[in-house]
Amino acid sequence: MGVVAEVWRSSVRLLTNSPQLNGGSHKSALWKWRSFSGQPKRTVMWTWVCGFMLFSLGVISLFTGHVVSHLEWYSQQLSKRSLLDMSRREPIDVWKSKYSKFFYGCSERGRNFPPAVQEHSSNGYLLIAASGGLNQQRTGITDAVVVARILNATLVVPELDHHSYWKDDSDFSDIFDVNWFISSLAKDVTIVKRVPDRVMRAMEKPPYTTRVPRKSTLEYYLDQVLPILSRRHVLQLTKFDYRLANDLDEDMQKLRCRVNYHALRFTKRIQSVGMKVVKRMRKMAKRFIAVHLRFEPDMLAFSGCDFGGGEKERAELAEIRKRWDTLPDLDPLEERKRGKCPLTPHEVGLMLRALGFTNDTYIYVASGEIYGGEKTLRPLRELFPNFYTKEMLANDELKPLLPYSSRLAAIDYIVSDESDVFITNNNGNMAKILAGRRRYMGHKRTIRPNAKKLSALFMDREKMEWQTFAKKVKSCQRGFMGDPDEFKPGRGEFHEYPQSCICQRPFSYDKTSTDDEEEDMSEENHNSTSPGHVHLSSADNEHDEVFPD
């Protein structure tokens, strides 16, 4: 009401001082004020359209005796549209979205979702060879369960990649709780640890091995893959990452969510180390941010960008880039203009300070080997002295994990997920997977740099005052802060935008709810969805098969 009153007082002053009052146009001026003082014109029009549709559907239901199935949907859209229009007009809270409390993860099985086909009745055994680093393989494992469901197959626990750039020989059971994985999905898909010996002995030929195309549709699996499985009984799909279409029906999308956010639980050993790091961060600060810098040599080489290191940098990154023999030659400046280059640690720090994070903010850096080492990190440390890594907080506990890159990545995953704010620095696999998970867990604040606009700002930052720069950064980042209104239907990977698994609570226009109520709802939301790790107290081309996590 205070805002409305202020607008009213301003309008009265405007009308009082207007020469139109003496010209008999008082009503006209007042009408103009009343037309534009409320919601924007587009919002008013949308409200009228939705209201008319609701009225029409109600009349139809009254006279036909049938309940119009989409009535609730239109009501939700009207509520959601009003809520999101409000969020766009308000200042950004860097720690959390004001409207996140109205959204929560929902991936329960539908009433008409048939139970899993038992092993003896299935069409055969499906073997999966995942590809890439930890998070890329996570997408493959998630989609493998869905494909097994599509094929009415018995899924064999997926085999992890031991031969990629990361050279990690960890097996599934070294990273994930395999027994929980099998039991938690028992109603969806039958999963076994290995093909029974009797089946292997009865086979006349070795298991048939093939690789399906990227983003293969449900129809492709039924038409092309199922006949092979039915004929051979044991089928292996290799390089299995992003091999299933993004768009599936709602039941299958919810199954994806049950796998990714509930069934894939880290082993107790990994959970223990990860949560120790979280507790040590919480002991120092009530809230902290996690930054996935992704400024390792392989990532920089893959991007084809220039990061100001001169000829030495270009030569070193060019040598690493030779590992991907199909990558095209790129113009570094054009790539930066297109927003395809990761921000440097210094640029990440400047963005965060411009958004409003103060220099006493506690920051956890999730990263491997930073290109340039301490010299590259120094500007970020100066901007945020309370700077920590897993090595600084759990050096002794990490020693057994040091030979295994995926297990170390799992620690960063846990801490980043538990952080109050998560900042990504590229659109790689960890960024997508964690962004989707944090949306599912109640739209926890997740900031993705608007690299295209920020790059231009960083190139010109010496030409403007800090206040001007900060204002422009805030403007650039609106729509990139992990708010509920950022998803546009038909765009984005499902793993990053799991829209089928996000439900909305009824929205009330009563703004008098207290912060305590918000925190209670947030805590309830967090506890009601079992996370993929336990509290112990994209791409369309083949380059992404080796794209760094």
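No experiment lies behind these values; they were computed from the predicted model shown. (Residues numbered from 1 in each chain as written. Predicted model: local features only at pLDDT ≥ 70, side-chain atom pairs only at ≥ 80, totals over all residues. Heavy atoms only, no water.)

J.: How do you make sense of the packing of helix 5 (residues 134-151) against helix 20 (residues 429-440) when you look at a structure like this?
T.: Two measures define how a pair of helices packs: the angle their axes make with one another and the distance between the axes. Where helix 5 contacts helix 20, the axes come no closer than 7 Å and their chain directions differ by 55°. When the axis of helix 5 is compared with that of helix 20, the two are oblique. At the point where helix 5 passes helix 20, the crossing takes the left-handed sense. Where helix 5 approaches helix 20, its residues N135, Q136, R138 and T139 are matched on the opposing element by N429, M430 and I433. Split by residue class, the contact of helix 5 with helix 20 holds two nonpolar, four polar and one charged. (Axes fitted to C-alpha atoms, helices over the stretch in contact; angles between N-to-C directions. Helix = DSSP H or I, 4+ residues; strand = E, 2+ residues; numbered from the N terminus. Parallel < 35°, antiparallel > 145°, perpendicular 65-115°, else oblique. Left-handed = near helix turned anticlockwise from the far one by under 90°. Contact = heavy atoms within 4.5 Å. Nonpolar A, V, L, I, M, F, W, Y, C, P; charged D, E, K, R; others polar.)

J.: Just checking my understanding: could you explain the state of the cysteines for this structure?
T.: Here a disulfide denotes one covalent bond, and it connects the sulfur atoms of two cysteines. Applying the stated criterion across every chain, the model contains three disulfides. There is a disulfide in this structure between C106 and C503, and the S-S distance comes to 1.9 Å. Because the torsion about its S-S bond is 90°, the bridge between C106 and C503 counts as right-handed. One end of the pair, C106, is in the loop between strand 1 (103-105) and strand 2 (125-130); the other, C503, is in strand 12 (residues 502-504), with 397 residues separating them in the sequence. The class of C106 is buried, set by a relative accessible area of 4%. (Disulfide = S-S within 2.5 Å. Buried < 20%, exposed > 50% of the residue type's maximum accessible area, 1.4 Å probe, protein only.)

J.: How do you make sense of the nonpolar core when you look at a structure like this?
T.: Nonpolar side chains tend toward joint burial in soluble globular proteins. L126, L155, F172, F181, Y221, F266 and Y364 are the most contacted members of the largest nonpolar core, which totals 68 residues. Of the residues forming this core, the biggest block, nine residues, is contributed by helix 5. Apart from the residues within four sequence positions on either side, L126 is in contact with A144, V147, A148, A153, T154, L155, V156, L235 and L237. (Core = buried A, V, L, I, M, F, W, Y, C linked by side-chain atoms within 4.5 Å.)

J.: How should I be thinking about the sheet that holds strand 3 (residues 154-156) in this particular structure?
T.: The sheet built from five strands is open, its strands ordered 4-3-2-6-5 with parallel pairing. At either margin of the open sheet sits one strand with a lone partner, and together these are strand 4 (191-192) and strand 5 (208-210). As paired elements, strand 5 and strand 6 (residues 234-240) share three bridges and run parallel to each other. Bridge pairing links Y208 to L235 in strand 6. In this fold helix 5 packs onto strand 2, strand 3 and strand 6, with an angle of close to 165° to the strand it touches most, strand 2. Where helix 9 (residues 218-232) meets the sheet, its contacts fall on strand 2, strand 5 and strand 6, and the angle it forms with strand 6 comes to roughly 135°. (Pairing = 2+ DSSP bridges.)

J.: Could you clarify how one ought to interpret empty space enclosed by the protein in this entry?
T.: If you roll a probe as big as a water molecule over the atoms, it shows you where there is empty space left. Each pocket or cavity is described by its volume, and for the largest cavity that value is around 80 Å³. Lining the largest cavity are 13 residues, and of these A435, R439, T446, R448 and E496 lie nearest its centre. Looking at the lining of the largest cavity, the elements with two or more residues in it are helix 20 and strand 11 (446-447). Tallying contributions element by element places helix 20 first for the lining of the largest cavity, with three residues. (1 Å grid on protein atoms, 1.4 Å probe; cavity = no way out; pocket = protein on both sides within 12 Å on 5 of 7 lines; lining within 4 Å. Points joined across faces, edges and corners; volume = space filled by probe spheres on them.)

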